[in-house]
There are 2 protein chains.
Amino acid sequence: MELYFNWNAVCALKVVLCLAEKGVDWTPRHIVLGKFEQLEPGYLAINPAGVVPALVHDGHVILESSVILEYLEDAFPDFALRPAAAADRARMRWWMRQVDDIVHPSVRPISFARFVAPRAKALSEAERAAMLSRTPKKEIADLWDRAAGAPFSDEEIGRYLTSIRKVLISMEEQLRGSRWLAGDMLSLGDIAMAPYFRRFEQLGVTSLWSELPAVSSWWQQMRARPAYAALDRLRLQYAPADHPAA
Amino acid sequence: MELYFNWNAVCALKVVLCLAEKGVDWTPRHIVLGKFEQLEPGYLAINPAGVVPALVHDGHVILESSVILEYLEDAFPDFALRPAAAADRARMRWWMRQVDDIVHPSVRPISFARFVAPRAKALSEAERAAMLSRTPKKEIADLWDRAAGAPFSDEEIGRYLTSIRKVLISMEEQLRGSRWLAGDMLSLGDIAMAPYFRRFEQLGVTSLWSELPAVSSWWQQMRARPAYAALDRLRLQYAPADHPAA
């Protein structure tokens, strides 16, 4: 099984975390986003959307991080990360949607403003145009354009943080009544959310949950799990190659 | 089991179609969107997002149409609409994501331009402001604002149609090799897509697939199924109440 990923791409890290929890071995295929390897024809043949992750297993290409998580449950049912009861599964999937539909699109512009803007501005007009013309996802091309041109205002960043904060407040309500997001067992809902907390820490916005005790304790439990260490190992191994200029 | 729905809301119709295919009985709770019943406190207590559908079953509230579809599979496994093989399930879920991530956000502005704009313009400034302040989903509030104010340009509508067209071309490739989207059995992938074809017909954009023979034959098969007639029955029953002015 091969996983195309980047050490710091939140969606890819969901899959890494799931594989680590399940103890499933995989072959790393690191995509250096800083060199636009995700836009190379070889990778676009695997994932025409030009984003990580992509999983190749038994001759099947599985795309979309949430689809990959469910696939791993179907293909490797040992160490289950999907609850047995239908209503708990629905809760798990509802949290996965909160991640995909609210947390992801809200944190992405903040990450772009912080991490991508300097790189976007360093590209020449021609380099940027060439890269954008090869970017299949319009919303990503738009973010690059924004990051290079008009800076994100504090007010705009504030609105995104407010959206994230609302999700965290729902989490607090949920986690007051259960140890994990979908009940008493760790599930794909927790796995999907965790890499975003790692990103919140990178962005220095941990105050988002400093007054949410159940969320704080959930995050502490989450990052203390042995599987979580896989994310730090990937950083040590791949971050230098991803920043060749550093 | 109670389903809060609207006779013409595509996401709700996915669930109606799934229930009809499975032969599961349900109690209709029709939400008249034209009267903003989805923003009434009673409904917001069930679905704080202020959108349909919402399913209430065995004391559980299940939200988000794709989550509801999977829930119905988990709770009513007879007449399965989820393939057995992990890779086929992944393909099914990948199509469900294409619907949610590309088709839905592309067709929504076109529907607003066509169907909602006259209603939006008929509201007074104060009425519109009052309604918007009660709308929890920012993207929906933005669409109402757009529909009432700046009209959608042909160029903009054209871009949305192009996005939909790309999905239909992928469907054609898939359906050249299999009868249904996830293989040889009808699945939640087909169920999720079908109500959008119904909407494309309402919008008069059937030329999107007139030169795609596999897609045309898929749609013909889909609408010929006995379950599909449930959608027409709902229209006959509820459309008049939804348009009290008509």
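All residue numbers refer to positions counted from 1 along the written sequence of the respective chain. Key to labels: chains lettered from A, ligands numbered from 1, both in the order written. Selection of residues for local features in this predicted model requires a pLDDT of at least 70, selection of side-chain atom pairs for listing and counting requires 80 or more, and totals for whole chains, interfaces and linings are taken over all residues. Neither water nor hydrogens contribute to the side-chain values; these are computed over all heavy atoms in the structure.

### Thoughts on the nonpolar core
In plain words, nonpolar cores are sets of buried Ala, Val, Leu, Ile, Met, Phe, Trp, Tyr and Cys residues tied together by side-chain atoms within 4.5 Å. Summary of the burial criterion: residues with accessible area below 20% of their type's maximum are buried, those above 50% are exposed, and those between are partly exposed, where the area comes from a 1.4 Å probe applied to protein chains only. By size, the foremost hydrophobic cluster in this structure holds 90 residues, and its most contacted members are Trp 144, Met 171, Met 193, Phe 197, Phe 200 and Trp 218 of chain B. Per-element tally for this core: the top contributor is helix 4 (residues 86–122) of chain B, with 11 residues. Those residues in contact with Phe 200 of chain B, other than ones at most four positions away along the chain, are Val 103, Val 107, Ile 164, Leu 168, Val 205, Thr 206 and Trp 209 of chain B. Among the nonpolar cores identified, the runner-up in size contains 89 residues, and Leu 17, Leu 143, Leu 186 and Tyr 238 of chain A belong to it. By definition, any uninterrupted DSSP run of H or I lasting at least four residues is a helix, any uninterrupted run of E lasting at least two residues is a strand, and each is numbered from the N terminus. Contacts: residue pairs with any heavy atoms within 4.5 Å of one another.

### A word on unusual backbone geometry
Residue Pro 53 of chain A is reached from Val 52 of chain A by a cis peptide bond, and omega for that bond is 5 degrees. Tracing the chain through its elements places Pro 53 of chain A in the loop between helix 2 (41–46) and strand 3 (54–57). Phi at Phe 79 of chain A is positive, roughly 50 degrees, even though this residue is not glycine. With respect to the helices, strands and loops of the structure, Phe 79 of chain A is situated in the loop between helix 3 (65–75) and helix 4 (86–122). A relative accessible area of 44% places Phe 79 of chain A in the partly exposed class. Phi is positive for Glu 64 of chain B, close to 80 degrees, though the residue is something other than glycine.

### Points about the relation of the copies chain B and chain A
Superposing chain B onto chain A takes a rotation of 180 degrees combined with a translation of 0.0 Å along the rotation axis, leaving an RMSD of 0.0 Å. The superposition operator between the copies reduces to a two-fold rotation axis. When each C-alpha of chain B is compared by its distance to the rotation axis, Asp 101 of chain B comes out closest, at 4.5 Å. Comparing interface residues between copies, 100% of those in chain B also sit at the interface in chain A, which points to an isologous, same-surface contact. Fitting of the copies onto one another was done by least squares over C-alpha atoms, counting residues only where both copies have pLDDT of at least 70.

### Here we look at the pairing of strand 4 (residues 60–63) of chain A
All names here are of chain A. Strand pairing requires that DSSP identify at least two bridges connecting the strands. Note: strand 3 against strand 4, 4 bridges, orientation antiparallel. Across the sheet, Ala 54 pairs through a bridge with Leu 63, a residue of strand 4. Connecting the antiparallel pair strand 3 and strand 4 is a turn made up of 2 residues, with Asp 58 showing a positive phi of about 55 degrees.

### A look at the interface of chain B and chain A
Listed as interface residues are 22 residues of chain B and, on the opposing side, 22 residues of chain A. Summed over both sides, the interface of chain B with chain A buries roughly 1,800 Å², with 62% coming from carbon and sulfur. Throughout, buried area stands for the accessible area (probe radius 1.4 Å) lost by two parts on being put together, summed over both. The three residues of chain B that bury the most area against chain A are Val 67, Arg 93 and Arg 97 of chain B, which together make up 29% of that side's buried surface. The salt bridge criterion pairs a side-chain nitrogen of Lys or Arg with a carboxyl oxygen of Asp or Glu, the two atoms within 4 Å. Run the count over chain B and chain A and you get 8 salt bridges. Here Glu 70 of chain A makes a salt bridge to Arg 93 of chain B, at a shortest N to O gap of 3.5 Å.

### Topic: the domain arrangement of chain A
Residues and elements named next belong to chain A. Each domain span listed reflects an automatic or database assignment of domains. Along its sequence, chain A is carved into domain 1 (2–81 + 231–242) and domain 2 (86–225). For domain 1 versus domain 2, the distance between C-alpha centres works out to 18 Å. Facing 28 residues of domain 1, the contacting portion of domain 2 comprises 29 residues. Buried area between domain 1 and domain 2, summed over both chains or domains, comes out near 2,400 Å², and the portion from carbon and sulfur atoms is 63%. Its largest share of buried area at the contact with domain 2, domain 1 owes to Val 10, Phe 36 and Leu 81, together 26% of the area lost on that side. Counting the contacts that link domain 1 with domain 2 gives 4 salt bridges. Any N or O atom pair separated by 3.5 Å or less is treated as a polar contact, with the protein-specific requirement of one donor-capable and one acceptor-capable atom, and with residues adjacent in sequence counted only for side-chain atom pairs. Here domain 1 and domain 2 share 9 residue pairs in polar contact (both at pLDDT 80 or more) between them. Going through the elements one at a time, helix 1 (10–22), helix 3 and helix 10 (229–242) are the ones with two or more residues in the side of domain 1 that touches domain 2. Among the residues forming the side of domain 1 that touches domain 2, the class breakdown is 18 nonpolar, 4 polar and 6 charged. Here the nonpolar group is Ala, Val, Leu, Ile, Met, Phe, Trp, Tyr, Cys and Pro; Asp, Glu, Lys and Arg are the charged ones; every other residue, Gly included, is treated as polar.

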